[in-house]
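Residue-level listing of the chains:
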Amino acid sequence: MSVTFSDQDKVTLRTAAYGAVALLSAAGAAGGSPHKIATDGSIALASATGLVGHVLAEKSTGVDLDGKSVAELADRVLPALTEAMRLLEEQAPAEAGNFRRTVVVALEAAVRTRRGEPGPTVAEMTHKIIGALDAAAATPEVTA
């Protein structure tokens with residue numbers, strides 16, 4: 001079965017994936033290496049395969065990761081992570097696991113750039129991102 005995502009679906013997937021890396025980068029700013037976190041996380045996303053890999057490799061038009069604060073960015077990214085998982089589970093169930101693993105690998109690659117254990121800020125942001133990925137399974141879709 002061939003899956004075709006709408007342009008908005010693709011924006012949601014890219015906002016979720018690249019936004020997760022941006023959130024982790026912002027959380028790691030205190031450690032002095034936000035650019036390294038962003039670079040390593042983005043390289044991991046660019047290495048994605050399958051349908052998810054094709055979507056993430058497309059030009060990222062429409063993705064808005066600007067914000068005046070981490071909270072403002074999180075307000076967009078965390079719901080996008082949950083929505084990305086929900087739409088993949090509905091439209092391409094085999095790709096939902098691929099997307100989740102891709103984001104988690106990007107987070108691990110980004111955190112690995114640091115020496116020792118991640119600080120509490122980075123660890124908490126990682127926890128929030130994974131929670132948002134897993135929230136789709138815990139919250140049924142509301143239909144009007």
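The rules behind these values
- Residues numbered from 1 in each chain as written.
- Predicted model: local features only at pLDDT ≥ 70, side-chain atom pairs only at ≥ 80, totals over all residues.
- Heavy atoms only, no water.
- Helix = DSSP H or I, 4+ residues; strand = E, 2+ residues; numbered from the N terminus.
- Buried < 20%, exposed > 50% of the residue type's maximum accessible area, 1.4 Å probe, protein only.
- Contact = heavy atoms within 4.5 Å.
- Areas by Shrake-Rupley, 256 points an atom, 1.4 Å probe, with all protein chains shown as cover.
- Core = buried A, V, L, I, M, F, W, Y, C linked by side-chain atoms within 4.5 Å.
- Expected span 1.5 Å × (residues − 1).
- Arc of directions from axis to C-beta.

### With respect to the overall build of the protein chain
Then step 1. Secondary structure assignment for the protein chain yields 6 helices and 0 strands.
Then step 2. Reading the protein chain from its N terminus to its C terminus gives the helix and strand order α-α-α-α-α-α.
Then step 3. With 144 residues in all, the protein chain has 41% of them scored as buried.
Then step 4. Here the contacts in the protein chain between residues at least 6 apart in sequence split such that 78% fall between residues at least 24 apart.
Then step 5. By element, 55% of the accessible surface of the protein chain is carried by carbon and sulfur atoms, the whole surface being about 7700 Å².

### What to know about the nonpolar core
Then step 1. Ranked by size, the top nonpolar core spans 41 residues in total, and within it Leu 24, Leu 81, Leu 88, Phe 99, Val 103 and Ile 129 carry the most contacts.
Then step 2. Of all the secondary-structure elements, those providing two or more residues to this core are helix 1 (7–27), helix 2 (34–46), helix 3 (50–57), helix 4 (70–91), helix 5 (93–112) and helix 6 (120–138).

### Side note on helix 2
Then step 1. With 13 residues, helix 2 extends 18 Å between its outermost C-alpha atoms, agreeing within 8% with the 18 Å of an ideal straight helix rising 1.5 Å per residue.
Then step 2. Those residues of helix 2 not exposed but buried are Ile 37, Asp 40, Gly 41, Ala 44 and Leu 45. One face of helix 2 carries all of its buried residues, which in axial projection span an arc of 145°. Every exposed residue of helix 2 that faces more than 90 degrees away from the buried side is listed here: His 35, Ile 43 and Ala 46.
Then step 3. Those residues of helix 2 that are buried are in contact with helix 1, helix 3 and helix 5.

### With respect to helix 3
Then step 1. For helix 3, the complete set of buried residues consists of Val 52, Gly 53, Val 55 and Leu 56. Seen along its axis, helix 3 keeps its buried residues to an arc of 165°; they face one direction. Counted as exposed and oriented over 90 degrees from the buried face of helix 3: His 54 and Ala 57.
Then step 2. Looking at the buried side of helix 3, the elements it contacts are helix 1, helix 2, helix 4 and helix 5.

### Section: the environment of Ala 38
Then step 1. Among the secondary structure elements, Ala 38 is positioned in helix 2.
Then step 2. Residues Ala 38 and Ala 109, 71 residues apart in the sequence, show an inter-C-alpha distance of 9.6 Å.
Then step 3. Setting aside its immediate chain neighbours within four residues, Ala 38 contacts Val 21 and Ser 25.

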